[in-house]
Amino acid sequence: MNTFLLTLAALAAAWTTETNELVVRTDKPGAEIPSTMYGLFFEDINYAADGGLYAEMVKNRSFEFPQRLMGWSAFGNVSVRDDGPFERNPHYVRLEHPGHKEKRTGLENEGYFGVAFRQGESYRFSVWARVPTGQSAKLKVELIDPDTMNEEQAVATQTIDIKGTGWQKYTALLTPAQTEAKGRLRIFLDSPEGVDLEHVSLFPVDTWMGHENGLRKDLAQKLADLKPGVLRFPGGCIVEGTDLETRYRWKNTIGPVENRPLNENRWQHSFTYRFFPDYYQSCGLGFYEFFQFAEEIGAEPLPILSVGLACQFQNNSPEAHVPVDSLQPYIQDALDLIEFANGDASTPWGKVRAEMGHPEPFGMKYIGIGNEQWGPEYVERLCPFVKALRRAHPEIQIVGSAGPSPDWMKEEFDYLWKEMKHLEVDLVDEHYYSPEAWLLSQAARYDAYDRKGPKVFAGEYACHAVGKKWNHFNASLVEAAFMTGLERNADVVHMATYAPLLAHVEGWQWRPDLIWFDNLHSFASASYYVQQLYSLYRGTHVLPLTMDGKAVTGAEGQNGLYASAVCDADKYIVKVANTSDTPQRLAIAFDGLKRYEVLTEGRVLMLSSDNPDADNSLENPERIVPVEQPLHVEGHRIEAELPAKSFAVYILKKHLMK
Ligand code: AHR
């Protein structure tokens, strides 16, 4: 080793020997930590719904895309018609004899970035069909590998007999003999008689909880594994739409899937460098499914509805603002939604829910009005909503918006907070996609918040690092550090949801994101594990934690450390992020323990990376995952070394001596 390196090593050693003394007051439990504290923000961005969580594999299944055969390749004698059986999806295709026995008529669907299937698994094909002549016809349905070198392209085949002029639903199970990521669905006529086809669908049989109109199991499981306390849906900007016409309308997303009208996705052409002209919302994953999923994963449902303003980033023109005196239908949508979720089966909307298969109310407690809106145009529209909701449903908590950012839209943010207090909403939705320095500087942001005003919903946040707009470990570490401030202030911050949630590796518009996937696989980012560590080790009460008498917020003299502490009935939990480039020695004292209380069975869950720019990937999905180690407990104190750039959760079991 040369002298320079030796000096560096000596300096590092000297640095690491300085012990950071942290004190947790176990006898002074503070705020109760709401069960909603860590949750999920779901938006159909990055093909998160169609092509993602929603397990439908057929794109443009109802032939309603403006280019009616987008996603399909037709061959032979195929025509599109518009007098189909489903009023809100009137288009369908007619397959007729191609005119020669050696020719064929049919269609192939390309799916979302391919139709992917696994060997030996079953897929449920379904189609609404009829024979226009009233005779019988045969349809061949195949899963194919279009690029195969084998003799046969088809890896699963079924024949369906179609009879009569009445529209009927036909189903068939396909079990492919091989796994294929970029397969296709092929349908072709196998009889002289022609057929009409509508709503062509293909789902894995093995969906989350086995629902037929179900969710992709691996993705739903990853969401469930976060043990979220709240599920916000359906966004994000898609709540607002590019214009009022394309705003999200929950009433269009319930009832039979065949008759849910298509909506354009606001993320189709948002970025000129990434176009997705085939991005539409089938609404197959609609409000019933969101409520059902929230219930299944134990999260409070938090729907966000349009306030009557289109996405102000995209379209802030007067035509994109509903006049205040014409808001009644929008307000009625909010009132009807509460009835849909909570009304008993004798109410008109409760009846709809019951008929969809959920007679019991969903127990909705929260509603958000407006996503990322700003200006007096938002406030004057929110006001009549608040009045109507308070009058009819004082039991429902209302979430208002603080606009796009307290960082680069601070003036708007401050204005909106003032107005939200004035309107007495229950929670204010704050969004921050901000760089490292801003998030780190904000670890103490809520320490000084007004305790008497509305609570905070950190509804969208993520570290968007300078020059590195993708998932990487250091961004996750910054989030972990920032989140100590959320946790410490659980009396004022009641919900926090990282955003966005899901992204298709071939179809993203926005990154970083929490979970990535292709058609067959998925992986969790390092940020996911940060969220999961907070959520699984949420605790029930905040405990005061200090270093030299001050909260640990990365302040001067705190060596880049950020920390918070909580407890539950049988544990003390301390979270510490070391954002510095050097290892840090920690001594954590648990003061104020009862005389008969001892600490036993310590363990630490550590998230770190040898490369701050690294993240997990499809190829290496577990490069960065929490690693568990035992932790030596010495009386009422632990000592530990926290590696440079790492996040640790120290968990100590309480034991009461008899
Ligand atoms: O999460 C992506 C987008 O960021 C959301 O749609 C919007 O609310 C915010 O601007």
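The model shown is predicted, which means the values in this text are computed figures rather than measured ones. (Residues numbered from 1 in each chain as written. Predicted model: local features only at pLDDT ≥ 70, side-chain atom pairs only at ≥ 80, totals over all residues. Heavy atoms only, no water.)

A few words now on the nonpolar core. Judged by nonpolar contacts, the single largest core of 136 residues is most densely connected at Phe-42, Phe-287, Ile-367, Leu-382 and Leu-486. The leading source of residues in this core is helix 9 (residues 473-488), at 9 residues. Those residues in contact with Leu-486, other than ones at most four positions away along the chain, are Met-37, Tyr-432, Tyr-446, Tyr-461, Val-493 and Ala-496. Ranked by size, the runner-up nonpolar core spans 33 residues in total, among them Val-141, Ile-160, Leu-197 and Leu-202. (Core = buried A, V, L, I, M, F, W, Y, C linked by side-chain atoms within 4.5 Å. Buried < 20%, exposed > 50% of the residue type's maximum accessible area, 1.4 Å probe, protein only. Helix = DSSP H or I, 4+ residues; strand = E, 2+ residues; numbered from the N terminus. Contact = heavy atoms within 4.5 Å.)

By the element assignment, Glu-339 lies in helix 4 (residues 328-342). Classification of Glu-339 by relative accessible area gives partly exposed; the value is 22%. Residues contacting Glu-339, with those up to four places away along its chain left out, are Thr-347, Pro-348, Trp-349, Gly-350 and Arg-353.

Taken in spatial order, the 5 strands make up an open sheet running 4-5-13-8-11, and their pairing is antiparallel. On the outer flanks of this sheet lie strand 4 (77-81) and strand 11 (168-174), each paired with one strand and no other. With strand direction ignored, the average angle separating the axes of adjacent strands in the sheet is 35°. With 3 bridges joining them, strand 5 (residues 92-96) and strand 13 (residues 195-204) adopt antiparallel strand pairing. Each bridged residue has a counterpart across the sheet, and for Val-93 the counterpart in strand 13 is Leu-197. (Pairing = 2+ DSSP bridges. Axes fitted to C-alpha atoms, helices over the stretch in contact; angles between N-to-C directions.)

Parts of the prediction with low pLDDT should not have their coordinates interpreted in detail. Scored by pLDDT, the protein has a mean of 96; 97% of the residues are at 70 or more. A low-confidence stretch, residues 1-11 (pLDDT under 50), is modelled with 1 contact involving residues beyond four sequence positions or located in other chains. (pLDDT = per-residue confidence, 0-100.)

We now examine the domain arrangement of the protein. Under the domain assignment used here, the protein contains domain 1 (18-33 + 541-656), domain 2 (38-52 + 221-328 + 364-536) and domain 3 (72-204). The centre of domain 1, based on its C-alpha atoms, is set 30 Å off from the matching centre of domain 2. In this assembly, 36 residues from domain 1 lie in contact with 30 residues from domain 2. When domain 1 packs against domain 2, the two sides together hide about 2700 Å² of surface, and 72% of this comes from carbon and sulfur. If you look at where domain 1 meets domain 2, you find 2 salt bridges. The closest approach of N and O atoms between Asp-613 and Lys-468, which form a salt bridge, is 2.7 Å. Where domain 1 touches domain 2, the interface holds 9 residue pairs in polar contact (both at pLDDT 80 or more). In terms of residue count, strand 28 (residues 561-568) provides more of the side of domain 1 that touches domain 2 than any other element does, 5 residues in total. By residue class, the composition of the side of domain 1 that touches domain 2 is 21 nonpolar, 10 polar and 5 charged. (Domains from an automatic or database assignment. Buried area = accessible area lost by both parts, 1.4 Å probe. Salt bridge = Lys/Arg side-chain N within 4 Å of Asp/Glu carboxyl O. Polar contact = N/O pair within 3.5 Å; in protein donor to acceptor, adjacent residues only side chain to side chain. Nonpolar A, V, L, I, M, F, W, Y, C, P; charged D, E, K, R; others polar.)

Here the structure, examined in full by the defined rule, presents 5 cavities of 30 Å³ or more. In this structure, the largest cavity occupies an estimated 130 Å³ of space. Lining the largest cavity are 15 residues, and of these Arg-61, Ser-62, Phe-65, Leu-262 and Ser-282 sit closest to its centre. In terms of residue class, the lining of the largest cavity is made up of 6 nonpolar, 4 polar and 5 charged. (1 Å grid on protein atoms, 1.4 Å probe; cavity = no way out; pocket = protein on both sides within 12 Å on 5 of 7 lines; lining within 4 Å. Points joined across faces, edges and corners; volume = space filled by probe spheres on them.)

This part takes up the site of the ligand. Around the ligand sit 13 residues, and of these Glu-43, Cys-237, Glu-372, Tyr-433 and Glu-460 come closest. Note that an oxygen atom of the ligand is positioned 2.5 Å from one of the side-chain N or O atoms of Glu-43. Between Glu-460 and the ligand, the recorded distance is 2.6 Å, taken from a side-chain N or O atom to an oxygen atom. Taken by itself the ligand offers 280 Å² of open surface, and the protein chains cover 96% of this. Its residues assigned to classes, the shell around the ligand comprises 7 nonpolar, 3 polar and 3 charged. (Near = heavy atom within 4 Å. Areas by Shrake-Rupley, 256 points an atom, 1.4 Å probe, with all protein chains shown as cover.)

Judged by pairing direction, the sheet is antiparallel, and its 6 strands sit side by side in the order 26-28-29-35-31-32 without closing on themselves. Each having just a single partner strand, strand 26 (541-543) and strand 32 (627-631) make up the two edges of the open sheet. Here the strands of the sheet are splayed against their neighbours by 25° on average, with no regard to which way each runs. With 5 bridges connecting them, strand 31 (residues 597-608) and strand 32 associate as antiparallel partners. The partner of Met-606 across the bridge, within strand 32, is Val-627. Lying on the sheet, helix 9 is in contact with strand 26, strand 28, strand 29 (571-578), strand 31 and strand 35 (646-656); it crosses strand 28 at an angle near 55°. On the sheet, helix 10 (residues 526-536) packs against strand 29, strand 31 and strand 35 and is oriented at approximately 165° with respect to strand 31.

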